[in-house]
Amino acid sequence: MKQTKTIESYRCDFCGKECEHTEYVLPTISQNVVKEGNIATFYNDIEPVQCDLCEACQKKVHFGIQLSRMAILNDDGELELNKDLY
Ligand SMILES: [Zn+2]
């Protein structure tokens, strides 16, 4: 009986390079559509998404998280630098 060997490989979800499988879960914006009658309304939602990340992209994501700690959302939902930190 012929045996087959399955080799699993993963690609980085950010840059596409081959990488190890990782269990990182990142908040990701998805676009959802709600239909009421003939009217379709699009809205963005944030949902947790599992990502495989290479070592370089893990460092980039970490850097992005550090930057996000310096930002706040204003009343209009826009990002601003948190002036209380400076
Ligand atoms: Zn990568």
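All of these numbers come straight from a predicted model, not from anything done at the bench.

Structural notes on the overall build of the protein
The helix and strand tally for the protein stands at 1 helix and 6 strands. Reading the protein from its N end, one meets helices and strands in the order β-β-β-β-α-β-β. Compactness check: the protein gives a C-alpha radius of gyration of 19 Å against a globular reference of 12 Å for 86 residues, more than 25% above the reference. Dimensions of the protein, computed from C-alpha atoms along their principal axes, come out at roughly 65 × 50 × 15 Å.

Let's talk about the pairing of strand β4 (residues 39-51)
With 0 of its 13 residues buried, β4 lies for the most part at the surface. When strand β3 (residues 24-36) meets β4, the two strands line up antiparallel, connected through 13 bridges. By the bridge assignment for β4, P27 is matched with P48. In sequence, β3 turns back onto β4 through a hairpin of 2 residues, with G37 there showing a positive phi of about 65°.

Quick word on the environment of D45
By secondary structure assignment, the location of D45 is in strand β4. Accessibility expressed as a C-beta count within 10 Å gives 9 for D45, which makes it exposed. Spatially, the C-alpha atoms of D45 and D75 are 18 Å apart, while their sequence positions differ by 30 residues. Residue contacts for D45: discarding those within four places in its chain leaves S30 and N32.

Overview of the environment of L79
Tracing the sequence through the fold places L79 in strand β6 (residues 79-81). Once the C-alpha coordinates of L79 and I46 are considered, the two residues, 33 residues apart in sequence, prove to be 16 Å apart. If we skip the residues at most four places from it in the chain, L79 touches A71 and L73.

Basis of the calculations
Residues numbered from 1 in each chain as written. Predicted model: local features only at pLDDT ≥ 70, side-chain atom pairs only at ≥ 80, totals over all residues. Helix = DSSP H or I, 4+ residues; strand = E, 2+ residues; numbered from the N terminus. Rg over C-alpha atoms; globule rule 2.2 N^0.38 Å. Buried ≥ 20, exposed ≤ 12 C-beta atoms within 10 Å, placed from the backbone. Pairing = 2+ DSSP bridges. Contact = placed C-beta atoms within 7 Å.

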